[in-house]
Amino acid sequence: MYYCNGRFVRMVELNTDNDQELFKLMMENLEEYRSSVFDQDIPENYQDFSSVLKIWFSSGRLYQFLVYRKISNRLIGTVYFYHHNEE
């Protein structure tokens, strides 16, 4: 598992132990997430979300990190990276 610590935030690699936190963040910020990040339907329960997440990672998503504020340890966002295909 990868971690990254900065001055104000820390990033923790998304995995099956913490993916419920991502689902909760998305549900709490659903309208903003839809308008600025993802224009498709977002699963409304965790089981469906987990299935969609597997599809995202099998379709080119390489890594995803949860971003936490260091002071409050509050989840404030996510960052993800895609595999670069040179073909």
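Residues numbered from 1 in each chain as written. Predicted model: local features only at pLDDT ≥ 70, side-chain atom pairs only at ≥ 80, totals over all residues. Heavy atoms only, no water.

Enquirer: An account of the overall build of the protein is needed here, citing residue identities and associated values.
Expert: When its secondary structure is counted, the protein shows 3 helices and 4 strands. Moving toward the C terminus, one meets the helices and strands of the protein in the order β-β-α-α-α-β-β. By residue count, 32% of the 87 residues in the protein fall in the buried class. Relative to all contacts within the protein whose residues are 6 or more apart in sequence, the contacts with residues 24 or more apart total 46%. (Helix = DSSP H or I, 4+ residues; strand = E, 2+ residues; numbered from the N terminus. Buried < 20%, exposed > 50% of the residue type's maximum accessible area, 1.4 Å probe, protein only. Contact = heavy atoms within 4.5 Å.)

Enquirer: Report on the packing of aromatic side chains, specifying residues and quantitative values.
Expert: Within this structure, the stated rule accounts for 7 aromatic pairs. Taken together, a centroid distance of 6.2 Å and an interplanar angle of 70 degrees make the contact between F23 and Y46 edge-to-face. Separated by 23 residues along the polypeptide, F23 in helix 1 (residues 19-28) and Y46 in helix 3 (residues 46-58) bring together distant segments of the chain. Assessed through its relative accessible area of 12%, F23 is described here as buried. Among the aromatic residues, those joined into a ring-pair cluster are Y2, Y63, F65 and F81. Just above the ring of Y68 sits the side chain of R10; from NZ or CZ to the centre is 4.4 Å. (Phe/Tyr/Trp six-rings, centres within 6.5 Å; stacked < 30°, edge-to-face > 60°. Lys NZ or Arg CZ within 6 Å of the ring centre and 35° of its normal.)

Enquirer: Account for the side chain of N18, naming residues and giving values.
Expert: For N18, the location among the structural elements is in the loop between strand 2 (9-13) and helix 1. At 2.8 Å, the side chain of N18 forms a polar contact with the backbone nitrogen of N15. Those residues in contact with N18 that sit more than four places away from it in its chain are V12, E13 and L66. (Polar contact = N/O pair within 3.5 Å; in protein donor to acceptor, adjacent residues only side chain to side chain.)

Enquirer: Which residues make up the pattern of salt bridges, and what values go with them?
Expert: Pairing is possible between side chains of opposite charge, provided their charged atoms come close. A full pass over the atoms with the stated rule returns 1 salt bridge. Linking E28 and K24 is a salt bridge whose minimum nitrogen-to-oxygen distance equals 3.9 Å. In this pair, E28 and K24 both sit in helix 1, 4 residues apart, roughly one turn of the helix. Neither E28 nor K24 differs from the other in exposure class; each is exposed. (Salt bridge = Lys/Arg side-chain N within 4 Å of Asp/Glu carboxyl O.)

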